[in-house]
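# Structural overview
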Amino acid sequence: MLAVGSPFTSLRTSSSCNALLRELQQIWNDIGESEADKDRMLLELEMECLEVYRRKVEEAANAKARLHQSVALKEAEVATLMAALGELSSPSQIEKRSKTLKEKLASVTPLVEELMKKKEERLKQFADIKAQIEKFSVEISGYSNHLNDHMNISTLSLEETDLSLRKLNEYQTHLCTLQKEKSDRLHKVLQHVSEVHSLCGVLGLDFGQTVSEVHPSLERTSVEQATNISNRTLEGLEHTILTLKTERKTRIQKLKDILTSLFELWNLMDSSHDEKRKFSRITSIMRVSETEVTEPGLLSTETIEQASAEVERLTQLKAGRMKQLVLKRRSELEEICRIAHIEADPSTAPEKSNALIDSGLLDPSELLANIEVQIVKVKEEATSRKEIMDRVDRWLSACEEEKWLEEYNQDENRYNAGRGSHVNLKRAERARVTVSKIPAIVDNLINRTLAWEDERKTMFLYDGARLVAILEDYKLSRQQREEEKRRHRDQKKLQDMLLTEKEAMYGSKPSPRRSNSFRKTNGYRANANGSMTPTPRRNSVGGATPELLTPRSYSGRQNGYFKEMRRLSTAPLNFVAMSRDDTMSYASIYEGSDTGSPPQS
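Residues numbered from 1 in each chain as written. Predicted model: local features only at pLDDT ≥ 70, side-chain atom pairs only at ≥ 80, totals over all residues. Heavy atoms only, no water.

Turning our attention to the overall build of the chain. Helix and strand counts for the chain stand at 18 helices and four strands. Here the chain holds 601 residues, and 31% of them are scored as buried. Within the chain, residue pairs in contact and separated by at least 24 positions form 72% of the contacts whose partners lie at least 6 positions apart. As displayed, the chain offers around 38700 Å² of accessible surface, 53% of which is attributable to carbon and sulfur atoms. (Helix = DSSP H or I, 4+ residues; strand = E, 2+ residues; numbered from the N terminus. Buried < 20%, exposed > 50% of the residue type's maximum accessible area, 1.4 Å probe, protein only. Contact = heavy atoms within 4.5 Å. Areas by Shrake-Rupley, 256 points an atom, 1.4 Å probe, with all protein chains shown as cover.)

What follows deals with the packing of aromatic side chains. Centre distance and the angle of the planes are the two values used to describe a pair of aromatic rings. Counted according to the given criterion, the structure contains six aromatic pairs. Ring centres of Phe263 and Trp266 lie 5.6 Å apart, and the angle between their planes is 50°; this geometry places the pair in the tilted category. On the criterion of helical spacing, the pair formed by Phe263 and Trp266 is a turn pair, its members being three residues apart in helix α7 (residues 231-269). Looking at Trp266, the relative accessible area reads 4%, which means it is buried. Geometrically, the ring pair formed by Trp452 and Phe460 is edge-to-face, given 4.9 Å between the ring centres and 80° between the ring planes. Each of the two residues, Trp452 as well as Phe460, counts as buried. Members of the aromatic cluster, each reached through a chain of ring pairs, are Phe263, Trp266 and Phe279. Directly above the ring of Phe460 sits Arg385, whose terminal nitrogen or CZ lies 4.0 Å from the centroid. (Phe/Tyr/Trp six-rings, centres within 6.5 Å; stacked < 30°, edge-to-face > 60°. Lys NZ or Arg CZ within 6 Å of the ring centre and 35° of its normal.)

Attention now goes to the confidence of the model for the chain. When pLDDT is averaged along the chain, the result is 76; 75% of the residues meet or exceed 70. Per-element confidence in the chain ranges from a low mean pLDDT of 37 for helix α18 (residues 561-591) to a high of 91 for helix α15 (residues 438-456). Across residues 1-5, where pLDDT falls below 50, the model places six contacts with residues more than four positions away in sequence or in other chains. Across residues 512-546, confidence stays below pLDDT 50; counting only partners more than four residues off in sequence or on other chains, it has 65 contacts. (pLDDT = per-residue confidence, 0-100.)

Tallied over the full model, the rule gives 37 salt bridges. With a shortest N-O distance of 3.8 Å, Glu35 and Lys38 are connected by a salt bridge. Of this pair, Glu35 and Lys38 are both found in helix α2 (residues 35-85), three residues apart, which corresponds to roughly one turn of the helix. The class of Lys38 is buried, set by a relative accessible area of 9%. When the shortest N-O distance is used, the salt bridge between Arg329 and Glu332 registers 2.2 Å. Of this pair, Arg329 and Glu332 both sit in helix α11 (residues 322-340), three residues apart, which is roughly one turn of that helix. Classification of Glu332 by relative accessible area gives partly exposed; the value is 27%. Within the structure, one salt-bridge network assembled from shared partners comprises Glu402, Glu406, Arg478, Arg481 and Lys485. (Salt bridge = Lys/Arg side-chain N within 4 Å of Asp/Glu carboxyl O.)

Below, the structure written as structure tokens:
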């Protein structure tokens, strides 16, 4: 028989078997068993022992097979778990060949339990992230059966095959994206709601009812109800804002139209400051842009109705004072025309207006409207004439300087060192520069006026007379005046030459006293700046020169203009003739005197 186990155990078992075998043989000897029976019974004993060994071997083999299967299942489970969790290798596989089955099973079992625990934790993480993703997706979409288009997320269960950190990171990244989108949408919704609240306040509308029509959650009636941030809500808010802005624009224009009428009525009716102050809150809308209108209730229907009621009240009051209003607006029209040097339309003259109103042939409102139209036209025409009128003012100012310079040059005491003489000298120098520019100013003004007339196909009238005609007449009169001055200088030179010849022939004589027609006392008057300027004086008959025609002297004299020009054109000839007579008289006096002295007066 073969012994198994440790040497010590085999030795002890063998000695026990030998002792029992010897005792059995002794018993057989005592019984008197034959050798053949002894051999047969020993053979049976050995067969029974072999059967016991065989059964034990089979049981051990079965136990080994079960252990191997258990180890294999555990290792397969470890591999599956590690694959699901994204693990690369396990410590049990490294020491796989150096351990028995029971040791392998003992080492794999804790690993399986550890991986199962990690899987459960990972499943919980996936479940939490999946729940949040589904929640945010529903909030963003607004539908409970929303399916994510970017990631096909199926219902998470214990049989989830991919529980790796990579997959978990993908879910977390998508969750962060949804969280940011939700935050952005919520911020945008709150901005829209705030804008709707501001617009409703300005328009005097019910904010709660307005936003409830978009979505009930926007009114915040219950704390548990979350704000809806779906596309439908955003589109509804944007549409509501657009509608409110359109309504705001319409009401602003309507209120401005009402205020325009109100301002006109205030001006016509001479309304007091207290009456205007009642609507100061409304009138502020005329000074701001559309986006700056934020005061609550400023565009409400009640505010517009109040302004309309005031306009209606003033309109009714205006009907009783229409005649005074017509005359007042006519006076304003005449004042505008006077400033712009435009002739007012005679059809609405005060006399005609009063006659039409008193006779009842014309409605005062129509007459007032006609005057309003005329005022608008005159203002437009005055605007188009502004550049030319500025140059006319410059020309007239230069003419005033020329007139002052002439009076200054006729003053015999202008060089005396009196008070303010240096100021007059400086002004005279400036006046000479200004006067030298008059011809260029007139030519430029004529060209611009003609261009204005060509552009508008109408004549440029200045107080009823054509400005170009006035300027041409001015140029003509200026040329005549310059010619007269030249003749005067020539005549004076001739007189000086005759006197010089007489003195050479008869000797030096005291100069005769000039007649009063050629000598006149000069006077001075103080300007506002303290300088002394010569007082205007009338020229003598012999020194008369043509008057320069300007719009101020020309206005109202159109009918007698040519008669005036003929009179002025003959003045130089009379002056020359008279001067020659005076010269001859002086010569005859000197010739008829023996002493050479002038006769005593």
